[in-house]
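Descriptive analysis of the structure
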Amino acid sequence: MDPVLDRISSEIYQNSYVIVDDFISEEFRKALLKEQTSLLEAGKFRQAAIGSGEKKLVRPEIRSDEVLWMDAESISSLQAEYWEKVDAIRQILNQRCFLGLRSFEGHFARYPVGSFYKRHLDQFQQVSYRVVTVILYLNDSWAESDEGALRMYIPQEDGSELIRDVLPIGGRLVVFLSGEIPHEVLPTKKERISITGWLKNID
Ligand code: OGA
Ligand code: MN
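The paragraphs below set out a description of the structure included in this document. Note that the coordinates shown come from a computational prediction; the quantities given were computed from them, not determined experimentally. (Residues numbered from 1 in each chain as written. Chains lettered and ligands numbered in written order. Predicted model: local features only at pLDDT ≥ 70, side-chain atom pairs only at ≥ 80, totals over all residues. Heavy atoms only, no water.)

What follows covers the site of ligand 1. The environment of ligand 1 is made up of 13 residues, and the closest members are H120, D122, Y137, H183 and R192. Contacts to ligand 1 include H120, whose side-chain N or O atom sits 3.1 Å from an oxygen atom. Residue Y137 places a side-chain N or O atom 2.6 Å away from an oxygen atom belonging to ligand 1. Protein chains bury 98% of the 290 Å² of accessible surface belonging to ligand 1 in isolation. Elements supplying a minimum of two residues to the shell around ligand 1: strand 5 (117-120), strand 6 (130-137), strand 10 (183-185) and strand 11 (192-200). Considering each element in turn, the shell around ligand 1 owes the most residues, three residues, to strand 11. (Near = heavy atom within 4 Å. Polar contact = N/O pair within 3.5 Å; in protein donor to acceptor, adjacent residues only side chain to side chain. Areas by Shrake-Rupley, 256 points an atom, 1.4 Å probe, with all protein chains shown as cover. Helix = DSSP H or I, 4+ residues; strand = E, 2+ residues; numbered from the N terminus.)

The structure is reproduced here in C-alpha cells:
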C-alpha cells in the first residue's frame, strides 16, 4: 500500500481533512505551473462564479479569483497525469471510507493580488454531489507574509470550531470532506495559483 494514500484515507476517516506536503515532484509542479501560466497568458481564465446551474452568479465581493475549468475531452497529458493521481485517491477513499465517489471535476485557479474567497462550504444548497475537495498548490515559493492562507474551520465535538490556516505552498495537497469543513481564502498579497477539484458521487 502506498503510504501517502494510506495516510490520506486514514486522516480523512478520522479528521475529515488531511494536508500532504510534496504530493508531487518539483519537476511535475513546475511543468503544471508553466502550463497554467501559458493558459493564463492566452486569456483563457474567467472570473469565478458561485452556486450552480441557473443560480450561477459572479459575486466579486464573495470571491475574486479567476478560473479555467479542466475539460475531460481536451485534457493535456500533464493534466491527465494529475487526474490519475486524484483517481488513486478516489479509489482508496471508496475502499476505506465507503464514500461512493464516481467522478472528478476541477479547475485551475488564479488569485490575483488582493483577491480572496469568503467563508463557504463546497456543497451547494440544492445539490450535494461534491463529496471530497482536493486542492493542489503550484506556487514557486510562499512566505507567511504573502498571506492568502486557506483558513479551515474544523468542527469540534463540543460544537466549537478549530481554525487552521494553511499556506498555499507549492506541491502541497489539501483534501477535505466538502460538506463538513467550512473554509475561506484569506486576501492574498501575491498571485496564488492552484488546481481545485471535487470528487463527486455522480457521473
Ligand atoms: C474553492 C476554494 C481554496 C483554496 O475553490 O472552493 O475554497 O485554497 N479554494 O484555493
Ligand atoms: Mn471552497
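Bringing the sheet that holds strand 5 into the picture now. Taken in spatial order, the four strands line up as 5-10-7-8 in an open sheet, and their pairing is antiparallel. Edge positions in the sheet fall to strand 5 and strand 8 (161-166), since each of these pairs with one other strand and no more. Neighbour-to-neighbour, the strand axes of the sheet open up by a mean angle of 10°, direction not taken into account. (Pairing = 2+ DSSP bridges. Axes fitted to C-alpha atoms, helices over the stretch in contact; angles between N-to-C directions.)

Metal coordination angles in their ideal form are 109.5 degrees for the four-donor tetrahedron and 90 or 180 degrees for the six-donor octahedron. Looking at the manganese ion (ligand 2), one finds its protein donor set to be H120 (NE2), D122 (OD) and H183 (NE2), positioned 2.1 to 2.2 Å from the metal centre. Each donor residue of the manganese ion (ligand 2) belongs to the same chain, and together they define the spacing H-x1-D-x60-H. Here H183 lies in strand 10 and H120 lies in strand 5, a separation of 63 residues in the sequence. With a relative accessible area of 14%, H120 lands in the buried category. (Donors = N, O, S within 2.8 Å, 3.2 Å for Na, K, Ca; no water. Buried < 20%, exposed > 50% of the residue type's maximum accessible area, 1.4 Å probe, protein only.)

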